[in-house]
Amino acid sequence: MIKSSWAKMFTDYREAKMVIVELEYERRGHYEQPYVWDGIIERMNQLEREDIPESKKIHLLMTTVSRQLLLPPEMFPKSWLMQKIPELKDMISYYKKNPEEKR
């Protein structure tokens, strides 16, 4: 269930990566140490090069993020990360439509 749920939250792997980059921008150095995010980004780039289905890439990326941010799998349905994803997608959409805006 978790595997298919992660894949359903994103249109493709590219969108999942964009959400993770937004999350990194918001949290790096504030909530987690930079080395935590370095590991997540390294894994994200590694998955990019692998020849596996996008749904599996999304699952592996989100599992990595959950583990690195110490989010236990049993809290999946009410997970903070699950609730945060739509907000991050909205931010990405806003900046795409308003490229002159800076954070």
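The structure this text deals with has already been given above.
This write-up is about the structure you can find in this document. In this numbering scheme, every chain counts its residues from 1 along its sequence in written order. Side-chain atom pairs in this predicted model are given and counted only at pLDDT of 80 or more, local residue features only at pLDDT of at least 70, and totals for whole chains, interfaces and linings cover all residues. Hydrogen atoms and water are omitted, and side-chain values are computed over all heavy atoms in the structure.

**Details of the overall build of the chain**
Now for step 1: Secondary structure follows DSSP: runs of H or I at least 4 residues long count as helices, runs of E at least 2 residues long count as strands, and numbering of each begins at the N terminus. Scanning the chain for helices and strands turns up five helices and zero strands.
Now for step 2: Along the chain, helices (α) and strands (β) appear in the sequence α-α-α-α-α when read from the amino end.
Now for step 3: Here a residue-residue contact requires only that any non-hydrogen atoms of the pair lie within 4.5 Å. Sequence separation of at least 24 residues holds for 67% of the intrachain contacts in the chain that already meet a minimum separation of 6.
Now for step 4: A total of about 6700 Å² of accessible surface is found on the chain, and carbon and sulfur atoms cover 51% of it. Throughout, the Shrake-Rupley method with a 1.4 Å probe supplies accessible areas, and for residues the shown protein chains are the sole cover considered.

**As for the packing of helix α2 (residues 13–27) against helix α4 (residues 54–68)**
Now for step 1: Convention adopted: a line fitted to C-alpha atoms gives each axis, helices being fitted over their contacting stretch, and angles between N-to-C directions are expressed from 0 to 180 degrees. Where α2 meets α4, the closest approach of the two axes is 9 Å, and the angle between their N-to-C directions is 15 degrees. Here α4 runs roughly parallel to α2, going by the angle between their axes. Regarding α2 and α4, the two cross each other, and that crossing is left-handed. Residue-level contacts link Tyr13, Ala16, Lys17, Ile20 and Leu23 of α2 to Glu54, Lys57, Ile58, Leu61, Met62 and Val65 of α4. Working definition: roughly parallel below 35 degrees, roughly antiparallel above 145 degrees, roughly perpendicular at 65 to 115 degrees, and oblique for all remaining angles. A clockwise turn of the near helix away from the far one marks a right-handed crossing, whereas an anticlockwise turn of less than a right angle marks a left-handed crossing.

**A word on helix α3 (residues 34–49)**
Count 3.6 residues to each turn of an α-helix, and residues three or four apart come out pointing the same way.
Now for step 1: For α3, built from 16 residues, the straight-helix expectation of 22 Å at 1.5 Å per residue is met to within 8% by its first-to-last C-alpha distance of 23 Å.
Now for step 2: Taken as a whole, α3 has its buried residues at Val36, Trp37, Ile40, Ile41, Met44 and Leu47. Projected down its long axis, α3 carries its buried residues within an arc of 130 degrees, all on one side. Turned more than 90 degrees away from the buried face of α3, the exposed residues are Tyr35, Glu42 and Arg49.
Now for step 3: Considering only its buried residues, α3 is in contact with α2 and α4. Take the number of residues in a helix, subtract one, and multiply by 1.5 Å to get its expected span. Residue burial is assigned from relative accessible area. The probe radius is 1.4 Å, only protein chains are included, and a residue is buried under 20% of its type maximum, exposed over 50%, and partly exposed in between. Note: the arc covers the axis-to-C-beta directions of the helix.

**Notes on the packing of α2 against α3**
Now for step 1: Contact geometry for α2 and α3: axes closest at 11 Å, N-to-C directions at 170 degrees. Classified by the angle their axes make, α2 and α3 are roughly antiparallel. As α2 packs across α3, the resulting crossing turns out to be left-handed. In this structure, α2 contributes Tyr13, Lys17, Ile20, Val21, Leu23, Glu24 and Arg27 to the contact, and α3 contributes Trp37, Ile40, Ile41, Met44, Leu47 and Glu48.
Now for step 2: Split into classes, the residues belonging to the contact of α2 with α3 amount to nine nonpolar, no polar and four charged. Side-chain classes are defined by residue name, with Ala, Val, Leu, Ile, Met, Phe, Trp, Tyr, Cys and Pro counting as nonpolar, Asp, Glu, Lys and Arg as charged, and the others, Gly among them, as polar.

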